[in-house]
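Geometric and topological summary
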Amino acid sequence: MKYKDTLKWMYQQLPMYQREGKAAYKADLSNTITLVNYLGSPERRFKAIHVAGTNGKGSTSHMLASVLQEAGYKVGLYTSPHLKDFRERIKINGEMIPKRSVSSFMKTHQSFFIANQLSFFEMTVGLAFDYFAKEKVDIAIIEVGLGGRLDSTNVIVPEVSVITNIGLDHTQFLGDTLEKVATEKAGIIKNSIPVVVGEVTPETLPVFKHIAKKNNASLMLAEEDSIKYYPCDLKGEYQLTNQRTARVALEQLDATFFTISEAHIKRGLLRVVANTGLLGRWQVLNENPRVICDTAHNKEGLEIVLRQLSEIPKKRLHVVLGFVNDKDVMAVLGLFPKNATYYFCQPKIPRALEVEKLENIAKTVRLNGRSFKTVRGAYRTAFKSASTEDVVFIGGSTFVVAEVV
């Protein structure tokens, strides 16, 4: 099976949450447990840090990986979704898994996958765990896909669990209150394994305290840790919070296995993109006009990004905007400035919100602009319309950003 054919089979034959939404969601770990048992429990053959949260878990995961790489360790990194290439999801020291490893794994185990009706995400988790075990990584950073308690990654017993923060995202799966979402994310807390929480609210703190106590897990609140921030190549203001969370998490690693100096931390934070290949986080694509893209796609994430955007000196703001169809778009659109020019579009995935619907919703909150059938078309027009003193922002969805980076 060639790599291209492998991906085609994975995408077409099995539902995938990132593309299709709720139809692909499985609220059950039994498939993953069956899979790792079949594979010989690869998740037990490497140390790990498990990272969950509504916002910032991707950036925090990449910071952790970068610092550990600078400390001289062989570091696996599992994240989702990918932007350009499926293999972005599975890396060792910043290098994507080889195409032949993907194809070989799928070919070898395809009959098992079909017989057990495994989802795209379950297969990908199995691939990552198997690859990290065979390559003998010193440690792997494992980012949760969705939620925590029932996420396919939640079969590992990590060195430390990390929960960045809690917001109201994916409420159709995780619940419609902060307490409910926190309970699902806190499902990654394991017995006697330390847990670091990046940010808490009056609603979420009691949940974390209760579940940590029940699991005899020491609870560290990163907000209570005063640190001197180091320069980082991830430039969004929100990255300061992620940096603090990552550094508190690193402090929990057993010093008998891991030696991490301040020099490693400083260099790791300066070289996150170079070491890991992270894309789409307050990424500047052009100067004069300045073009910025960011994958923030929910209320909490966009509030921070739009606040930072408002502080940039500019003559006019041009916004290339698209969403997926399972977001509370009305609530999110209300955050955007009325005096910007909008270029509405829809990403090339089945889950995309139709651009006509987006434009109609936007009009109700007095956001005016034009509609485009493609992201590239919207971006081209925005770029041509902008003067050198203007700013162009591209966002609303990971999948919109994926088409321009």
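One structure accompanies this document, and this report is about it. Bear in mind the structure is a predicted one, so any value in this text is a computation, not a measurement. (Residues numbered from 1 in each chain as written. Predicted model: local features only at pLDDT ≥ 70, side-chain atom pairs only at ≥ 80, totals over all residues. Heavy atoms only, no water.)

Turning to the pairing of strand 9 (residues 283-286), a few remarks are in order. As paired elements, strand 9 and strand 10 (residues 290-293) share three bridges and run antiparallel to each other. What sits directly across from Val284, in strand 10, is Ile292. The antiparallel hairpin formed by strand 9 and strand 10 contains three residues in its connecting segment, where Asn288 sits at a positive phi of about 55°. (Pairing = 2+ DSSP bridges. Helix = DSSP H or I, 4+ residues; strand = E, 2+ residues; numbered from the N terminus.)

A few words on the nonpolar core. Core analysis: the biggest nonpolar cluster contains 35 residues, and Phe46, Phe113, Phe129, Phe132 and Ile142 have the highest contact counts within it. Secondary structure elements with two or more residues in this core: helix 1 (3-13), helix 3 (30-38), strand 3 (90-92), helix 5 (99-116), helix 6 (120-134) and strand 5 (139-143). Per-element tally for this core: the top contributor is helix 6, with 10 residues. Within the second largest apolar cluster, 31 residues are counted, among which are Val51, Ile139, Val160 and Val162. (Core = buried A, V, L, I, M, F, W, Y, C linked by side-chain atoms within 4.5 Å. Buried < 20%, exposed > 50% of the residue type's maximum accessible area, 1.4 Å probe, protein only.)

Moving on, we get to the sheet that holds strand 2 (residues 75-78). If you walk across this open sheet you meet the eight strands as 4-3-2-5-1-6-7-8, and the pairing is mixed. Edge positions in the open sheet fall to strand 4 (95-96) and strand 8 (219-221), since each of these has one partner strand only. Of the pairings in the sheet, the one linking strand 2 to strand 5 comprises four bridges and is parallel in character. The residue bridging Tyr78 from the neighbouring strand is Ile142, located in strand 5.

Looking now at helix 15 (residues 355-364). If you check which residues of helix 15 are buried, you get Val355, Leu358, Glu359 and Ala362. Taken down its axis, helix 15 places every buried residue within 95° of arc, on the same side. Here the buried face of helix 15 lies against strand 11 (317-321), helix 14 (329-333), strand 12 (341-344) and strand 13 (369-371). Looking one or two residues beyond helix 15, the residue adopting positive phi is Arg366, at roughly 60°. (Arc of directions from axis to C-beta. Contact = heavy atoms within 4.5 Å.)

Turning our eyes to something else, we now look at the environment of Thr381. Within the secondary structure layout, Thr381 lies in helix 16 (residues 375-385). C-alpha of Thr381 to C-alpha of Tyr343: the two residues are 38 residues apart in sequence and 8.0 Å apart in space. If we skip the residues at most four places from it in the chain, Thr381 touches Tyr343, Arg370 and Phe372.

So, on to the packing of helix 4 (residues 57-70) against helix 11 (residues 262-270). With their axes 8 Å apart at the nearest point, helix 4 and helix 11 run at an angle of 130° to one another. In this view, helix 4 runs oblique relative to helix 11, as classed from their interaxial angle. Every pair of crossing elements has a handedness; the one defined by helix 4 and helix 11 is right-handed. Where helix 4 approaches helix 11, its residues Met63, Ser66, Val67 and Glu70 are matched on the opposing element by His264, Ile265, Arg267, Gly268 and Leu269. Taken together, the residues of the contact of helix 4 with helix 11 break down into four nonpolar, three polar and two charged. (Axes fitted to C-alpha atoms, helices over the stretch in contact; angles between N-to-C directions. Parallel < 35°, antiparallel > 145°, perpendicular 65-115°, else oblique. Left-handed = near helix turned anticlockwise from the far one by under 90°. Nonpolar A, V, L, I, M, F, W, Y, C, P; charged D, E, K, R; others polar.)

It is worth spelling out a positive patch on the surface at this point. A surface patch of positive charge is lined by Lys84, Lys348, Arg376, Arg380 and Lys384. With respect to the helices, strands and loops of the structure, Lys348 is situated in the loop between strand 12 and helix 15. (Patch = residues over 30% accessible without salt bridge, like charges linked within 9 Å, V, L, I, M, F, W, Y side chains within 5 Å. Areas by Shrake-Rupley, 256 points an atom, 1.4 Å probe, with all protein chains shown as cover. Salt bridge = Lys/Arg side-chain N within 4 Å of Asp/Glu carboxyl O. Lys, Arg positive; Asp, Glu negative; His and termini not counted. Charge placed at Lys NZ, Arg CZ, Asp CG, Glu CD.)

A separate point is the packing of aromatic side chains. To describe a pair of aromatic rings, one takes the distance between the centres and the angle between the planes. Per the counting criterion, the structure on display carries 14 aromatic pairs. An angle of 40° between the planes, with centres 5.8 Å apart, marks the rings of Phe105 and Phe113 as tilted. A residue is classified by how much of its surface remains accessible, and Phe105, at 5% relative accessible area, is buried. You can call Phe113 buried: its relative accessible area is 0%. Three or more aromatic residues joined by ring pairs make a cluster, and in this case those are Tyr38, Phe105, Phe112 and Phe113. Stacked on the ring of Tyr230, the Lys or Arg Arg247 has its end atom at 4.2 Å from the ring centre. (Phe/Tyr/Trp six-rings, centres within 6.5 Å; stacked < 30°, edge-to-face > 60°. Lys NZ or Arg CZ within 6 Å of the ring centre and 35° of its normal.)

Below, the discussion takes up the sheet that holds strand 10. One open sheet holds the six strands; their spatial order is 9-10-14-11-12-13, and the pairing between them is mixed. Strands with a single pairing partner mark the edges of an open sheet, and in this sheet they are strand 9 and strand 13. Each strand axis lies, on average, 20° off the axis of its neighbour in the sheet, ignoring direction. Pairing between strand 10 and strand 14 (residues 391-395): four bridges, direction parallel. The partner of Ile292 across the bridge, within strand 14, is Phe393. Helix-sheet contacts for helix 16 involve strand 9, strand 10, strand 11, strand 12, strand 13 and strand 14, and the interaxial angle to strand 11 is about 175°.

Following the sequence through the fold, Val144 ends up in the loop between strand 5 and strand 6 (160-163). Here the alpha-carbon distance between Val144 and Ala52, two residues 92 residues apart in the chain, equals 5.1 Å. Ignoring anything within four residues of it in the chain, the contact list for Val144 reads His50, Val51, Ala52, Lys57, Asp151, Thr153 and Ile188.

Quick look at the pattern of salt bridges now. Scanning all chains against the criterion turns up 11 salt bridges. Put simply, Glu43 and Arg44 hold a salt bridge, and the shortest N to O gap is 3.9 Å. Glu43 gets classed as buried once you look at its relative accessible area, which sits at 8%. Each of Glu70, Arg267 and Arg271 takes part in one network of salt bridges that share partners.

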